[in-house]
Amino acid sequence: MDVLKTILEYIKENHPDAGLPEADGICYKVDSDSRRKLGYSRSVYTGGGWDISIGRPVTPEKVYNVKAEYNNGDIIWIGRIINGKVEEKSYENISQR
């Protein structure tokens, strides 16, 4: 859950137009991915209109690949966390067009 909280805080701080509530303000349902790849773990958190997929290869270095999507694609954030540091790859908010 620390990775989820880190991502939510990052998006809220760097993209206020996303309209994210406080990280503790949404109750998330967690589903593990049934299409498991050997050596890779993935969970999907769903709540408040957001679907957040967090995946991680099983390696000594903690690398989490993240895709956060709001309202079926109105907002899409893609990035990763490497040893606790957030790296944003892309952010798109089509609801502001």
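Structural data are supplied above this passage.
Note that the structure is predicted; figures quoted are calculated from it, not measured.

S.K.: Provide a residue-level description of the packing of aromatic side chains, including the pertinent values.
M.R.: Per the counting criterion, the structure on display carries two aromatic pairs. Residues Trp50 and Tyr70 carry aromatic rings whose centres are separated by 5.1 Å and whose planes lie at 45° to one another, so their mutual orientation is tilted. Pair noted here: Trp50 is in strand S3 (residues 50–57) and Tyr70 is in strand S4 (residues 63–70), with a separation of 20 residues, a long-range link. What makes Tyr70 partly exposed here is its relative accessible area of 28%.

S.K.: Any details on the pairing of strand S2 (residues 40–47)? Residues and values, ideally.
M.R.: By the bridge criterion, eight bridges tie S2 to S3 in an arrangement that is antiparallel. Of the residues in S3, the one forming a bridge with Thr46 is Asp51. In this structure, the hairpin formed by S2 and S3 is closed by a connection of two residues, where Gly48 is found at a positive phi of approximately 60°.

S.K.: Just give me the short version of the nonpolar core, but keep the residues and values in it.
M.R.: The biggest cluster of nonpolar side chains holds 19 residues, and the ones touching the most others in it are Ile7, Trp50, Ile52 and Ile54. Secondary-structure elements contributing two or more residues to this core are helix H1 (2–14), S3, S4 and strand S5 (75–82). Take this core: its biggest share by element is five residues, from H1. Not counting the four nearest positions on each side in its chain, Ile7 is found in contact with Val66, Trp77, Ile81 and Val86.

S.K.: An account of the pattern of salt bridges is needed here, citing residue identities and associated values.
M.R.: Counted under the stated rule, the structure contains two salt bridges. The partner of Lys67 in a salt bridge is Glu69, and the shortest N-O contact between them spans 3.9 Å. In this structure, Arg80 engages Glu87 in a salt bridge whose closest nitrogen and oxygen atoms are separated by 2.9 Å.

S.K.: How would you summarise the pairing of S5 if you had to cite specific residues and measurements?
M.R.: Of the strand pairs in this sheet, S4 and S5 are connected by eight bridges, and their pairing is antiparallel. Within S5, the position partnered with Asn65 by the bridge is Arg80. Hairpin remark: S4 followed by S5, antiparallel, with four residues in the connecting loop; positive phi at Asn71, about 50°. By the bridge criterion, eight bridges tie S5 to strand S6 (residues 85–93) in an arrangement that is antiparallel. The partner of Trp77 across the bridge, within S6, is Tyr91. The hairpin formed by S5 and S6 contains two residues between the paired strands, and Asn83 there has a positive phi angle of roughly 50°.

S.K.: Tell me about the side chain of Ser53, residues and numbers included.
M.R.: Relative to the elements of secondary structure, Ser53 occurs in strand S3. Look at Ser53 and you get buried, because its relative accessible area is 15%. Side-chain polar atoms of Ser53 contact the side chain of Arg42, separated by 2.8 Å. In this view, Ser53 contacts Arg42, Ser43, Val44, Asn65, Val66 and Lys67; residues no more than four positions away in its chain are not counted.

Calculation rules
- Residues numbered from 1 in each chain as written.
- Predicted model: local features only at pLDDT ≥ 70, side-chain atom pairs only at ≥ 80, totals over all residues.
- Heavy atoms only, no water.
- Phe/Tyr/Trp six-rings, centres within 6.5 Å; stacked < 30°, edge-to-face > 60°.
- Helix = DSSP H or I, 4+ residues; strand = E, 2+ residues; numbered from the N terminus.
- Buried < 20%, exposed > 50% of the residue type's maximum accessible area, 1.4 Å probe, protein only.
- Pairing = 2+ DSSP bridges.
- Core = buried A, V, L, I, M, F, W, Y, C linked by side-chain atoms within 4.5 Å.
- Contact = heavy atoms within 4.5 Å.
- Salt bridge = Lys/Arg side-chain N within 4 Å of Asp/Glu carboxyl O.
- Polar contact = N/O pair within 3.5 Å; in protein donor to acceptor, adjacent residues only side chain to side chain.

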